[in-house]
Amino acid sequence: MTTLQIHHKTTYRYGQPVSLGPHRLMLRPRESRDLRLISSELKTDPPATVTFAHDVFGNSVATAHFNAVADRLTIDCVTQLTLDAAAWPIFDVAASAIFYPFHYAEDERTDLGALMFQQYADPNGRLRDWAWAFVRGAQTDTLALLKDLGIGVSAWINYQSREDEGVQSPIQTLDRGWGSCRDFAVLFVEAARCLGFGARIVSGYLHGAEAGPIGSADAGSTHAWAEIYVPSAGWITFDPTNRSFGGYNLIPVAVARDIRRAMPVEGSFVGASDAFLGMNVVVEVTAAH
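Residues numbered from 1 in each chain as written. Predicted model: local features only at pLDDT ≥ 70, side-chain atom pairs only at ≥ 80, totals over all residues. Heavy atoms only, no water.

(A) Looking closely at a nonpolar patch on the surface. A contiguous nonpolar surface patch, about 250 Å² in accessible area, is contributed by Phe276, Met279 and Val281. Structurally, Phe276 is set in strand E18 (residues 276-287). (Patch = residues over 30% accessible without salt bridge, like charges linked within 9 Å, V, L, I, M, F, W, Y side chains within 5 Å. Areas by Shrake-Rupley, 256 points an atom, 1.4 Å probe, with all protein chains shown as cover. Salt bridge = Lys/Arg side-chain N within 4 Å of Asp/Glu carboxyl O. Helix = DSSP H or I, 4+ residues; strand = E, 2+ residues; numbered from the N terminus.)

(B) Spatial organisation of the environment of Leu146. By the secondary structure assignment, Leu146 is in helix H3 (residues 142-156). Take Leu146: its relative accessible area is 0%, and that puts it in the buried class. Setting aside chain neighbours within four positions, we find Leu146 in contact with Phe188, Phe197, Ile228, Val230 and Phe238. (Buried < 20%, exposed > 50% of the residue type's maximum accessible area, 1.4 Å probe, protein only. Contact = heavy atoms within 4.5 Å.)

(C) Expanded view of the nonpolar core. Membership of the largest hydrophobic core comes to 44 residues, with the highest contact counts inside it found for Trp130, Phe197, Ile228 and Val230. Looking at this core, the elements that each hand over two or more residues are helix H2 (126-132), H3, helix H5 (181-194), strand E11 (198-207), strand E12 (220-230) and strand E13 (234-239). Among the elements that take part in this core, H5 stands out by supplying 10 residues, more than any other. Setting aside anything within four residues of it in sequence, one finds Phe197 in contact with Tyr100, Phe102, Tyr104, Leu115, Met116, Thr142, Leu145, Leu146, Ala192, Ile228 and Tyr229. If you look at the next biggest cluster of nonpolar residues, it comprises 31 residues, including Leu20, Leu25, Val61 and Phe66. (Core = buried A, V, L, I, M, F, W, Y, C linked by side-chain atoms within 4.5 Å.)

(D) Broad picture of the pattern of salt bridges. In total, this model carries seven salt bridges according to the counting rule given. Across the pair Glu190 and Arg193 runs a salt bridge whose closest N-O atoms are separated by 2.9 Å. Of this pair, Glu190 and Arg193 both sit in helix H5, three residues apart, roughly one helical turn. Here Arg200 ties to Glu227 by a salt bridge, and the two come within 2.7 Å at their closest N and O atoms. On the criterion of sequence distance, the pair formed by Arg200 in strand E11 and Glu227 in strand E12 is long-range, its members being 27 residues apart.

(E) How the structure looks around empty space enclosed by the protein. Tallying each qualifying case throughout the model produces one cavity of 30 Å³ or more. Quantified by volume, the largest cavity comes out at close to 40 Å³. For the lining of the largest cavity, the element with the most residues is H5, which contributes four residues. Residue composition of the lining of the largest cavity, by class: five nonpolar, one polar and four charged. (1 Å grid on protein atoms, 1.4 Å probe; cavity = no way out; pocket = protein on both sides within 12 Å on 5 of 7 lines; lining within 4 Å. Points joined across faces, edges and corners; volume = space filled by probe spheres on them. Nonpolar A, V, L, I, M, F, W, Y, C, P; charged D, E, K, R; others polar.)

(F) Spatial organisation of the pairing of strand E4 (residues 49-54). Inspection of the sheet shows E4 paired to strand E5 (residues 60-65) by six bridges, in the antiparallel sense. Bridging from a neighbouring strand, Thr49 pairs with His65 of E5. Here E4 folds back onto E5, and the loop between the two strands holds five residues, one of which, Gly58, carries a positive phi near 80 degrees. (Pairing = 2+ DSSP bridges.)

(G) Highlighting the pairing of E13. With five of six residues buried, E13 is to be regarded as a mostly interior element. Bridge count between E13 and strand E14 (residues 244-245): two bridges; the pairing is antiparallel. From the neighbouring strand, Phe238 faces E14, where its bridge partner is Phe245. The turn joining E13 and E14, which pair antiparallel and follow one another in sequence, is formed by four residues; a positive phi near 55 degrees is taken by Arg243.

(H) Layout of the side chain of Ser180. With respect to the secondary-structure elements, Ser180 resides in the loop between strand E10 (178-179) and H5. Those residues in contact with Ser180 that lie beyond four places of it in its chain are Tyr159, Gln160 and Arg162.

(I) Representation of H5 in the model. In a regular helix each residue adds 1.5 Å, so 14 residues correspond to 20 Å; H5 covers 20 Å between its end C-alpha atoms and thus fits that length. Where burial is concerned, most of H5 is hidden: 14 out of the 14 residues are buried. Phi turns positive one or two residues past the end of H5, at Gly196, with a value near 95 degrees. (Expected span 1.5 Å × (residues − 1).)

(J) Structural view of the layout of surface pockets. The calculated volume of the second largest pocket comes to roughly 550 Å³. Lining the second largest pocket are 22 residues, and of these Ser32, Asp34, Glu227, Trp235 and Thr237 lie nearest its centre. With three residues, strand E15 (residues 250-256) is the largest single contributor of residues to the lining of the second largest pocket. Considered class by class, the residues forming the lining of the second largest pocket number 11 nonpolar, four polar and seven charged.

If you want it as structure tokens, here you go:
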């Protein structure tokens, strides 16, 4: 069991005082059998009235309402938690789903809903054809197929950090041959949906000071990865950026159908069009003492 502290600080700078609109914050990790939250403290400057709710996926969403005008906004969250995920998990896959292709039960298909359908246009079927190339025969081991798909994403795409907002479409990522962790995750999820899997995007943090992981700044970083639903085994974690399987070094904060619904901080302001000067994000994930 590992005890960790996450310090996530976001600072917005403006050239003149502006009126701050409501800000949607997704900074509180998702508790589970493997992750137990000890504490989570959220502060803003200027001060805000903060309300909490759970969205359709059970993510904790805070909404900050501001009354003052300001030329700087700081959102500072410090969380402590314990993580006890297995490094080499074993999944009990239903007999009916050990080999691909398989069919979800009717109730599972209903509950998965939009998570089974592509969110980005693929008019010529290029992504579909790319995904199907990983299917090795009339019957393919399901977990082996998903692992091959994750490795295929990282073999095809070069990692490149992007500071700009937004995400590339899967076709853009294939064409460019590079992308950030969120582009890797979106490509993997959309390819899995092409094959008929229920899939969702996960945003959160990557921890571990060991050399090797891509997309990590020092010992911790914001990160994006994916989960695939497999009957009986449930939601299985795949991190195509780092070619990893299972979530022993991942701290999930939000799951979503589309990564655009899992942004850590999202908000608006009212002021001159050139008032915004920049944003700075600092994330530290450290072993707590």
